[in-house]
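Examination of the molecular architecture
Chain by chain, the residues run as shown.
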Amino acid sequence: MLPFPTRAPYRIDQVTAAPLGLTLLTLGLIVSAVVMTLAARNGRWRLWAAGAILLPALVTMLFGLGAWGTSDVTKLSHFFTLDRAGLTRGELFWWLIGPMIPALPYRMALVHGLVAGAYALMPILLARRWGARAWGGWWALLVVFSPLLRTFLQNGVSRQALMTLLLVPLLLGAGRLAPVRQGWIALTAFAAAGIHTTFVPTAALAVLSRLLAGPGPEARLGQPARRSLHGRRLIGIGALLTVGAGLLVLVAPMAWMKFQTYALRESFFNSYVLMLPIARLQLAMLIGAAMVCWQRRLGWRRLLACGHSRQLAGFFLLLLLLQESLRQGWVPSITNRLADTAGLFLLIVWLAWLEHHRARWAVLPSLMVTLNYWLLERLPESLTVICGRNDSFFCLPDRWPWQIRWGGEP
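All values reported here derive from a predicted model rather than from experimental measurement.

The rules we used
Residues numbered from 1 in each chain as written. Predicted model: local features only at pLDDT ≥ 70, side-chain atom pairs only at ≥ 80, totals over all residues. Heavy atoms only, no water. Salt bridge = Lys/Arg side-chain N within 4 Å of Asp/Glu carboxyl O. Buried < 20%, exposed > 50% of the residue type's maximum accessible area, 1.4 Å probe, protein only. Axes fitted to C-alpha atoms, helices over the stretch in contact; angles between N-to-C directions. Helix = DSSP H or I, 4+ residues; strand = E, 2+ residues; numbered from the N terminus. Parallel < 35°, antiparallel > 145°, perpendicular 65-115°, else oblique. Left-handed = near helix turned anticlockwise from the far one by under 90°. Contact = heavy atoms within 4.5 Å. Phe/Tyr/Trp six-rings, centres within 6.5 Å; stacked < 30°, edge-to-face > 60°. Lys NZ or Arg CZ within 6 Å of the ring centre and 35° of its normal. Expected span 1.5 Å × (residues − 1). Core = buried A, V, L, I, M, F, W, Y, C linked by side-chain atoms within 4.5 Å. Disulfide = S-S within 2.5 Å. Patch = residues over 30% accessible without salt bridge, like charges linked within 9 Å, V, L, I, M, F, W, Y side chains within 5 Å. Areas by Shrake-Rupley, 256 points an atom, 1.4 Å probe, with all protein chains shown as cover. pLDDT = per-residue confidence, 0-100.

Right, let's get into the pattern of salt bridges. Once their charged atoms are close, side chains differing in charge can pair, the charge on each being opposite to the other. Under the counting rule described, the total for this entry stands at 6 salt bridges. Between E355 and R358 there is a salt bridge, with its nearest N and O atoms 3.5 Å apart. A relative accessible area of 2% means that E355 is categorised as buried. Residue classification places R358 among the exposed positions, given a relative accessible area of 53%. Residue E355 pairs with R360 through a salt bridge whose shortest N-O separation is 2.7 Å. Given the relative accessible area of 21%, R360 is considered partly exposed. The network of salt bridges with common partners includes E355, R358 and R360.

Rendered as structure tokens:
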């Protein structure tokens, strides 16, 4: 067993490549999506529910095992037993559950797998809410295999990924994309604040959906248009503002300290958001949107008057701005950390836009690009990864959890 490194990248030598196993898990996910589609079309709801449970479970296995040797997962798995306080400054959630992580099978890798499984479950629940159950499995694959979420899901950045996922209810409620109770929005936002110090900019991006949607009475997807009582609305807004103020007091100092560190001292950043597969995905989304506009005869005036269209355009332009910031070197050490957040929100408003125009079929170009990226680019890479000499995704543990030895631990 090699001594554990004290600086990144954090690597582990008890790993092995298993391309066949990864391929079988991927095929299981595709089969689950097919079964969910057929079950929904034939009204076999129990079978659909079984697929809706199986698919996130397989995602948990695939991403949990595949990320076991990555740098972030390995670092957290090791140091949660040594320096819990120093590792989780400003992140109350991890400070509380940190002592439990060393007792889990594969430690932080299991946590990461569960986060990835939750990412798969989220679009399935949205499909159920919007009455698009036949598409639920495919929407899940669009999200978890997306090159837009490579840092979150394939690099094992579990903490920020979980925090961003918990702010999805805020995005949905603020943008009138789905009926979400204000209590749930406040609760998930409060939980997110204690998970990662990028909470403040991420919450701001979620609230951006409200500004883009505008003040009109456009119906939420999944329920008829109706106006809330004025008193209840004021109470809800007041409660959210109160919770928001408390969260800012809790998180802002540490967030400001990290902002200064990243802006003035850190020079490292990844350029995944500039990858060719993301450019292909953006083009596929534009093609799908153009097909919908042509079929529905949507002109510029109708698009500008539509809150869902403004949201889609706004998050699309936001992603372009983040990409340009990396090309031009505009504080890239900060902007690259928001790229996956913008990508997730873009995927959600994209699905909402298609649902609003009853054009679910137009997701196919972006789905094909995503599956092509995973099946023909990422999976073949697992054949060439030298496990144990780097911290690449796809290096699976080569032994059972109780057989693992953690160098340097008491």
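Packed helices, taken two at a time, are described by the angle their axes make and the gap between the axes. At a minimum axis distance of 9 Å, the contact between helix α16 (residues 307-328) and helix α18 (residues 339-356) shows a crossing angle of 155 degrees. Relative to α18, the element α16 lies roughly antiparallel. As α16 packs across α18, the resulting crossing turns out to be left-handed. Residues H308, S309, Q311, L312, F315, F316, L318, L319 and L322 of α16 form the contact with α18, whose participating residues are A339, A342, F345, L346, V349, W350, W353 and H356.

Before going further, it helps to spend a moment on the packing of aromatic side chains. A complete count under the given rule lists 12 aromatic pairs for this structure. Centroid distance W130 to W139: 5.9 Å. Interplanar angle 70 degrees. Geometry classified as edge-to-face. Given a relative accessible area of 6%, W130 falls into the buried group. Given the relative accessible area of 2%, W139 is considered buried. These aromatic residues form a ring-pair network of at least three members: F63, F145, W374, F393 and F394. Note that R133 overlies the ring of W45, its terminal NZ or CZ placed 4.8 Å from the centroid. Cation over ring: R133 sits above W48, and NZ or CZ is 5.1 Å from the ring centre.

Relative orientation of the contacting elements helix α1 (residues 19-41) and helix α19 (residues 364-381) amounts to 165 degrees, with a least axis distance of 11 Å. By the angle between their axes, α1 is roughly antiparallel relative to α19. Seen from above, α1 lies across α19 with right-handed handedness. In this structure, α1 contributes L22, T23, T26 and I30 to the contact, and α19 contributes W374, L375 and L379.

Along the chain, T37 turns up in helix α1. In this structure T37 comes out as buried when scored by relative accessible area, which is 10%. Filtering out sequence-adjacent residues up to four positions away, T37 remains in contact with A134 and W138.

Okay, α19 next. One turn of the α-helix equals 3.6 residues, which is why residues spaced by three or four share an orientation. A rise of 1.5 Å per residue sets the reference length of α19, with its 18 residues, at 26 Å; its end C-alpha atoms lie 25 Å apart and thus fit the reference within 8%. Every buried residue of α19 is listed here: S366, L367, V369, T370, L371, Y373, W374, R378 and L379. Considering only its buried residues, α19 is in contact with α1, α2 (45-66), α7 (136-144), α8 (150-154), α14 (276-296) and α18.

Turning our attention to the nonpolar core. Residues L55, F63, Y119, L141 and W353 are the most contacted members of the largest nonpolar core, which totals 124 residues. The biggest single contributor to this core is α18, with 13 residues. If we ignore the near neighbours within four places in the chain, the residues touching W353 are A289, V292, C293, L298, L303, H308, S309 and L312.

It is worth spelling out the state of the cysteines at this point. Applying the stated criterion across every chain yields a total of 1 disulfide. Across a sulfur-sulfur distance of 2.3 Å, C387 and C395 are joined as a disulfide pair. Between C387 and C395 the sulfur-sulfur dihedral comes to about -90 degrees; the bridge is accordingly left-handed. When its relative accessible area of 1% is taken as the criterion, C395 is described as buried. For the unlinked cysteine C293, the closest cysteine sulfur is that of C306, found at 9.8 Å. Classification of C293 by relative accessible area gives buried; the value is 17%. A residue is classified by how much of its surface remains accessible, and C306, at 7% relative accessible area, is buried.

Time to look at the environment of L286. Take L286: it is sitting in helix α14. For L286, a relative accessible area of 45% puts it in the partly exposed group. Spatially, the C-alpha atom of L286 lies 9.1 Å from that of S366, the residues being 80 residues apart in sequence.

So, on to α14. An ideal rise of 1.5 Å per residue puts 30 Å on 21 residues; α14 measures up with 30 Å between its terminal C-alpha atoms. The set of residues buried in α14 consists of P277, I278, L281, Q282, A284, M285, G288, A289, V292 and C293. On the buried face of α14, the contacting elements are α15 (300-304), α16, α18 and α19.

Here we take up a nonpolar patch on the surface. There is a patch of nonpolar side chains on the surface, built from L283, L286, I287 and M291 and spanning about 350 Å² of accessible area. Counting through the fold element by element, M291 comes out in helix α14.

For the rest of this paragraph, the subject is the confidence of the model for the protein chain. Of the residues in the protein chain, 81% have a pLDDT of 70 or more, and the chain-wide mean is 86. Ranking the elements of the protein chain by mean pLDDT puts helix α13 (residues 230-264) last, at 55, and α7 first, at 98. Considering only residues more than four positions removed or in separate chains, one finds that residues 224-231, a stretch of pLDDT under 50, has 5 contacts.

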